[in-house]
Amino acid sequence: MKQLILSYFDASCPSRDSLHYYPALDSTNRKAKELALQGAPHGSLVIAGSQSQGRGRLGREFCSPEGNLYFSVILRPECDPTELMHLTCWAAVAACNAVEAVIGIRPRVKWINDLVHEGKKLGGILTELVFENGIAKYAIVGVGINCLHIPQPVADMATSLSAMTGKAVSPAPVSAALAKAMMDLDYRTMPEAYKQDCLTIGQRVKRMDTGDTGTALDVTDQGALVVDMDDGSRQTIASGEVSVRGLYGYI
Ligand code: BTN
């Protein structure tokens, strides 16, 4: 499988030499942390055929059967990684670029990390900063995309590349396209395309922590969501989750 994935990589892609492939893992993000601790360089990739403990944002499980994409990259930025609060947005745009390159359809992004097509979740991103002695040392950015399968537990709210196209789309070409898309997109700044890709902007939203409702206005360069609340205040939401009316059952 590693050879198959590599066959899709450009000969010039530096990640070719630092690709770690595992048929099955608990979590590519966890493995990436372990490899980073052992000194794996910037740009190292960890790809798995399946995950037994795939992790999502906010402590959720990310259901990870064989046939989908599970991909993590180790970033060792020259700045303090806490200055890169837009990394999830960077990865989301790279994932949209990769999907578009492979199937010709561009998904959208539900702030901040969900890849969505026609109201259904296609995948997600989990960014984790790793601290050593209280100092943020590096970042692990994990991407999961449903390629061949829609995971059963979330079947009514999810889609896959194969469902989007009506053809079998395997994870190998998508992995290579994602590695290339990440290499081509500067991770040090918020990508301009995020605002166009983000379907949340302009929509009615509800904060899941407070239940407050409002209309999403913008996303800052740090990836925070700016919302004009119904009580007349303006909130800049840096973490947590908002529901978007019309998506995943929010009426
Ligand atoms: C989410 O939907 O909340 C984020 C899902 C992120 C899943 C990916 S799969 C590869 C990487 N390894 C993990 O354990 N999680 C991320």
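Residues numbered from 1 in each chain as written. Predicted model: local features only at pLDDT ≥ 70, side-chain atom pairs only at ≥ 80, totals over all residues. Heavy atoms only, no water.

(A) The pattern of salt bridges, seen in detail. Here the structure, examined in full by the defined rule, presents 16 salt bridges. For aspartate 197, the salt bridge identified is with arginine 106, shortest N-O distance 2.8 Å. With aspartate 197 in helix H6 (residues 193-197) and arginine 106 in the loop between helix H3 (87-103) and strand E4 (108-110), this residue pair connects regions lying 91 residues apart in the sequence. By relative accessible area, which is 5% here, aspartate 197 ends up buried. One salt-bridge network, in which partners are shared between bridges, spans Asp26, Arg30, Lys31 and Glu34. (Salt bridge = Lys/Arg side-chain N within 4 Å of Asp/Glu carboxyl O. Helix = DSSP H or I, 4+ residues; strand = E, 2+ residues; numbered from the N terminus. Buried < 20%, exposed > 50% of the residue type's maximum accessible area, 1.4 Å probe, protein only.)

(B) Up close: the site of the ligand. Close to the ligand lie 21 residues; Ser27, Thr28, Arg55, Arg57 and Lys121 are nearest. Within the contact set of the ligand, a nitrogen atom lies 3.0 Å away from a side-chain nitrogen or oxygen of glutamine 51. A distance of 2.7 Å separates a nitrogen atom of the ligand from a polar backbone atom of arginine 55. Summarising the interface, the protein chains cover 98% of the accessible area of the ligand, which totals 410 Å² for the free molecule. Those elements that provide at least two residues to the shell around the ligand are helix H2 (28-37), strand E3 (69-75), strand E6 (120-132) and strand E7 (135-145). Sort the elements by how many residues they give to the shell around the ligand and E6 lands first, with four residues. Of the residues assigned to the shell around the ligand, the class counts are six nonpolar, 11 polar and four charged. (Near = heavy atom within 4 Å. Polar contact = N/O pair within 3.5 Å; in protein donor to acceptor, adjacent residues only side chain to side chain. Areas by Shrake-Rupley, 256 points an atom, 1.4 Å probe, with all protein chains shown as cover. Nonpolar A, V, L, I, M, F, W, Y, C, P; charged D, E, K, R; others polar.)

(C) Expanded view of the domain arrangement of the protein chain. Domain boundaries in the protein chain define domain 1 (2-197) and domain 2 (204-244). Computed from C-alpha coordinates alone, the two centres of domain 1 and domain 2 are separated by 25 Å. Between domain 1 and domain 2, the residue contacts involve 12 residues of the former and 15 residues of the latter. Summed over both sides, the interface of domain 1 with domain 2 buries roughly 1000 Å², with 56% coming from carbon and sulfur. The largest share of the area that domain 1 buries against domain 2 comes from Lys110, Trp111 and Lys195, three residues that together contribute 55% of it. Summed over the shared surface of domain 1 and domain 2, the number is three salt bridges. (Domains from an automatic or database assignment. Contact = heavy atoms within 4.5 Å. Buried area = accessible area lost by both parts, 1.4 Å probe.)

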